[in-house]
Amino acid sequence: MAVQSLKSSPSVATNGSSPVRNYIGGEWVSSASSETLPVTNPATGETVGHVPLSGAADVDAAVRAAKRAFPGWRSTPAVERVRVLFRLKMLLEEHFEEMSETLTTEHGKVRAEARGELRRGMENIEHACGIPSLMMGETLEDIARGIDCETIRQPLGVFAGITPYNFPVMIPCWFWPYAVATGNTFVLKPSEQDPMTHQRIVELAEEAGLPKGVLNVVHGRKETVEAILEHPDIAGVSFVGSSHVARIIYSRAAATGKRVQALGGAKNHMIVLPDADPDLVAPILLESLFGSTGQRCLAGSVIVGVGEAYEPIRERFLDGANSIRIGSGLDDEVDMGPVISREHRDRIVSYVKQGESEGARLLLDKSVVTVDAHPEGNWVGPAVFEAVTPSMVIGREEVFGPVAAMSRVKSLEEAVSLMHENDYGNATSLFTTSGKAAREFRYQAGISMIGINIGVAAPMAFFPFGGSRNSFFGDLKAQGSDAIEFYTDRRVVISRW
Ligand code: NAD
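In short, a report on the structure. For clarity, every value in this text was computed on a predicted model and none was experimentally measured. (Residues numbered from 1 in each chain as written. Predicted model: local features only at pLDDT ≥ 70, side-chain atom pairs only at ≥ 80, totals over all residues. Heavy atoms only, no water.)

Topic: the overall build of the protein chain
Helix and strand content of the protein chain: 16 helices and 23 strands. By the compact-globule yardstick of 23 Å for 497 residues, the protein chain fits well, its C-alpha radius of gyration being 23 Å. For the protein chain, the C-alpha atoms occupy an extent of roughly 70 × 65 × 40 Å along the three principal directions. For the protein chain, the proportion of its 497 residues judged to be buried stands at 59%. If you take every contact in the protein chain between residues at least 6 apart in sequence, the share linking residues at least 24 apart comes to 73%. Of the roughly 19900 Å² of accessible surface on the protein chain, 51% is carried by carbon and sulfur atoms. Taking the 48 positively charged and 61 negatively charged side chains of the protein chain as two groups, their mean positions are separated by 5 Å. (Helix = DSSP H or I, 4+ residues; strand = E, 2+ residues; numbered from the N terminus. Rg over C-alpha atoms; globule rule 2.2 N^0.38 Å. Buried < 20%, exposed > 50% of the residue type's maximum accessible area, 1.4 Å probe, protein only. Contact = heavy atoms within 4.5 Å. Areas by Shrake-Rupley, 256 points an atom, 1.4 Å probe, with all protein chains shown as cover. Lys, Arg positive; Asp, Glu negative; His and termini not counted. Charge placed at Lys NZ, Arg CZ, Asp CG, Glu CD.)

Side note on the packing of aromatic side chains
Any two aromatic rings considered together are summarised by their centre-to-centre distance and by the angle between their planes. Under the criterion given, the structure shown has 10 aromatic pairs. Measuring from centroid to centroid gives 4.8 Å for Phe159 and Tyr487, while their planes differ by 85 degrees, and the two rings are edge-to-face. One end of the pair, Phe159, is in strand E8 (residues 158-162); the other, Tyr487, is in helix H16 (residues 480-487), and 328 residues separate them in sequence. The exposure class assigned to Phe159 is buried, which follows from its relative accessible area of 0%. Three or more aromatic residues joined by ring pairs form one cluster here, namely Phe159, Phe486 and Tyr487. For the cation-ring pair, Lys109 lies above Phe167, with the distance from its terminal atom to the ring centre recorded as 3.9 Å. Positioned over the ring face of Phe472 is Lys477, at 5.4 Å from the centre of the ring. (Phe/Tyr/Trp six-rings, centres within 6.5 Å; stacked < 30°, edge-to-face > 60°. Lys NZ or Arg CZ within 6 Å of the ring centre and 35° of its normal.)

A short note on helix H1 (residues 56-74)
Note that an α-helix has 3.6 residues per turn; residues three or four places apart therefore point the same way. For H1, which comprises 19 residues, the first-to-last C-alpha distance of 26 Å matches the rise-based estimate of 27 Å (1.5 Å per residue) to within 8%. For H1, the principal kink sits at Arg68 and spans about 30 degrees; a proline, Pro71, occurs within the next four residues. Listing the buried residues of H1 in full gives Asp58, Val59, Ala61, Ala62, Val63, Ala65, Ala66, Ala69, Phe70 and Trp73. (Expected span 1.5 Å × (residues − 1). Bend = angle between axes of the 7 residues up to and from the residue.)

Remarks on the site of the ligand
If you check the shell around the ligand, you find 26 residues, and the closest are Lys189, Glu192, Ser242, Gly264 and Glu398. Thr163 is positioned such that a nitrogen or oxygen atom in its backbone is 2.8 Å from an oxygen atom of the ligand. Within the contact set of the ligand, an oxygen atom lies 2.6 Å away from a side-chain nitrogen or oxygen of Ser242. Relative to its unbound accessible surface of 850 Å², the ligand loses 88% to contact with the protein. Contributions of two or more residues to the shell around the ligand are made by helix H8 (222-230) and strand E11 (236-240). Looking at the shell around the ligand residue by residue, the class counts come to 13 nonpolar, 8 polar and 5 charged. Viewed by domain, the shell around the ligand spans two of them, domain 1 (5-264 + 471-496) and domain 2 (269-452), each represented by three or more residues. (Near = heavy atom within 4 Å. Polar contact = N/O pair within 3.5 Å; in protein donor to acceptor, adjacent residues only side chain to side chain. Nonpolar A, V, L, I, M, F, W, Y, C, P; charged D, E, K, R; others polar. Domains from an automatic or database assignment.)

Let's talk about the pattern of salt bridges
Any two side chains of opposite charge can pair, so long as their charged atoms come close to each other. The full count for this structure, using the stated rule, is 31 salt bridges. We note a salt bridge from Arg200 to Glu203, for which the minimum N-O separation is 2.5 Å. Separated by 3 residues within a single helix, Arg200 and Glu203 lie in helix H7 (residues 196-207), roughly one turn from each other. Across the pair, Glu203 and Arg200 agree in class, each one buried. The partner of Arg345 in a salt bridge is Asp346, with the nearest N and O atoms 3.2 Å apart. (Salt bridge = Lys/Arg side-chain N within 4 Å of Asp/Glu carboxyl O.)

Some details on the environment of Thr185
Checked against the element boundaries, Thr185 lands in strand E9 (residues 185-189). Residues Thr185 and Asn216, spaced 31 residues apart in sequence, show a C-alpha to C-alpha distance of 8.2 Å. Residues within four places of Thr185 in sequence aside, it is in contact with Ala66, Lys67, Ala69, Phe70, Trp73, Gly157, Val158, Phe159, Gly213 and Val214.

Some words on the side chain of His107
Its location among the elements puts His107 in helix H3 (residues 96-107). Excluding its chain neighbours within four sequence positions, the residues that come into contact with His107 are Pro42, Tyr165, Asn166, Pro168, Asp194, Ser292, Gln295, Pro338 and Ile340.

A short note on the nonpolar core
Among the nonpolar cores identified, the biggest contains 59 residues, and Leu88, Trp174, Trp176, Phe186 and Tyr487 are the most heavily contacted of them. No other element matches the 8 residues that helix H6 (residues 172-181) contributes to this core. A domain-level breakdown of this core finds at least three residues from each of domain 1 (5-264 + 471-496) and domain 2 (269-452). Excluding residues within four positions of it along the chain, Phe186 makes contact with Ala66, Phe159, Ala160, Gly161, Phe175, Trp176, Ala179, Val180, Val214, Leu215, Asn216 and Tyr487. The next biggest cluster of nonpolar side chains, apart from the first, holds 32 residues, and it includes Ile271, Ala415, Leu418 and Leu430. (Core = buried A, V, L, I, M, F, W, Y, C linked by side-chain atoms within 4.5 Å.)

Notes on the sheet that holds strand E23 (residues 488-496)
Read from one edge to the other, the open sheet built from 3 strands follows the order E6-E7-E23, with strand pairing classed as antiparallel. Sheet topology places strand E6 (138-144) and E23 at the edges, where each strand pairs with a single neighbour. In this sheet, adjacent strand axes meet at a mean angle of 25 degrees when their direction is disregarded. For strand E7 (residues 147-155) and E23, the ladder comprises 9 bridges, and the chain directions are antiparallel. The residue of E23 that forms the bridge with Asp148 is Ser495. (Pairing = 2+ DSSP bridges. Axes fitted to C-alpha atoms, helices over the stretch in contact; angles between N-to-C directions.)

Comments concerning the environment of Ser429
Positionally, Ser429 belongs in strand E19 (residues 427-431). Ignoring any residue separated from it by four or fewer positions in sequence, one finds Ser429 in contact with His269, Met270, Ile271, Phe441, Gly451, Ile454 and Gly455.

Here's the deal with the sheet that holds strand E14 (residues 300-306)
Strand order across the open sheet formed by 7 strands is E15-E16-E17-E14-E13-E19-E20, with mixed pairing between neighbours. Only two strands of the sheet have a single neighbouring strand rather than two, namely strand E15 (361-365) and strand E20 (449-452). Mean inter-strand twist for the sheet, computed between neighbouring axes without regard to direction, equals 20 degrees. When E15 meets strand E16 (residues 383-386), the two strands line up antiparallel, connected through 4 bridges. Looking at E16, one finds that Leu364 is bridged to Val384. Docked against the sheet, helix H11 (residues 310-322) engages strand E13 (268-272), E14, E15, E16 and strand E17 (403-409), running at close to 170 degrees with respect to E17.

Here it is, written out as structure tokens:
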């Protein structure tokens with residue numbers, strides 16, 4: 001079915017309802033499907049946009065546009081390709097405040113968190129600007145008499161990205177800037193829950209001079225993803241989302257011969273040793289567990305106090321949790337915004353009920369909460385449990401909300417064993433003043449992102465981002481040199497003249 005082209009680009013407004021469109025071959029187009037979903041402001045319940053639920057015809061149109069654009073883009077010198085990204089970075093600086101407001105409006109996170117997310121996304125664009133150096137190959141003269149050998153990194157064609165709702169700006173920027181800087185073309189399927197801020201980035205990329213078809217966007221959900229996984233002309237897929245879906249993506253993309261990197265969910269343990277200063281550690285834990293209303297893959301989830309570390313941390317953590325101010329992320333006095341949807345709020349509250357029924361001790365429960373100014377918001381306040389064991393659902397599953405589980409153990413070894421009873425392997429943190437304990441922890445943790453006296457161990461753009469075990473499926477992670485590896489093939493040329 002043909003897709004309808006629109007004359008004007010769909011600028012995003014922060015009030016009223018804005019169009020969300022597919023972007024195919026450099027045109028803003030309607031989906032071949034007439035089905036849409038509302039995009040809501042989670043603080044007010046207002047509809048701020050409608051997102052199309054695209055099907056296989058839309059995905060195919062996007063892949064064909066990307067395939068057409070590939071030869072010209074691939075042969076554009078790397079320095080010229082990254083000049084577009086330099087210009088995009090400058091445009092993003094110009095529109096920074098407007099975009100962070102749109103992000104808060106569609107996602108709910110407080111302004112400081114929205115600004116932080118944009119900054120982290122932009123750092124990936126900055127890093128991708130280094131592609132002329134990052135993409136270089138290697139050469140060795142005389143591998144045999146008169147014979148030389150070189151490796152050249154070459155792009156593979158069309159890549160696709162499928163991204164989650166919790167970082168709707170940063171996570172797409174883990175992928176497409178590297179893919180296009182290395183000479184590939186791209187089809188992005190953003191989260192259907194908050195696609196609007198990234199739509200603005202695409203408008204700015206167009207303004208920065210990104211040629212038609214190099215970056216394409218197709219909106220939708222499961223059916224759209226299935227069409228991506230089945231499409232024969234897609235060389236590889238980058239995915240971030242829950243582990244359940246990551247596992248599906250990994251196996252189905254591999255079954256159709258694609259490269260795949262699939263980042264999944266998390267249950268991150270924060271271990272506190274008795275030598276750590278509880279006054280310094282408690283605020284870090286509060287930010288880790290309740291920042292972004294617990295909707296981060298790097299959020300702490302289980303606090304494990306070793307020996308006498310437990311009581312002072314428990315007391316300070318509870319004090320802090322009690323004083324968290326909840327409300328609209330646009331209000332500067334607020335610490336914690338709403339969660340993304342009613343369904344997600346209800347799911348979090350049901351975890352609190354389940355924790356109680358499993359026998360964990362509920363020390364604080366503000367999970368059911370209202371905000372007078374915004375009665376229709378998706379509010380959920382902090383809840384803190386203690387005596388949580390790894391076999392309980394709240395000790396085992398990813399809640400993805402402001403629900404803290406606390407456990408007390410006797411030693412660091414016991415803390416690490418408790419952590420290893422969990423299947424996830426995204427992030428963990430240790431709080432200590434002992435270099436020896438920190439080294440031992442790094443050695444034994446077996447988790448991919450490790451914080452030492454850091455509550456959110458987020459690798460910056462030039463380091464790999466991704467977990468292990470049930471948190472990651474694939475081998476090459478997001479960002480850093482892994483991104484260059486993932487989006488290029490190293491071809492070896494052996495020459496005799
Ligand atoms: P999700 O798995 O529900 O959705 C992610 C993407 O997959 C979306 O684009 C969605 O449309 C699509 N999708 C959903 N169900 C699908 C299905 N059955 N088949 C095919 N596609 C499907 O995740 P979410 O709720 O948007 O995001 C939260 C999750 O993402 C959490 O589990 C969080 O830990 C994880 N996450 C992980 C990282 C990381 O670095 N490992 C980073 C951010 C978020």
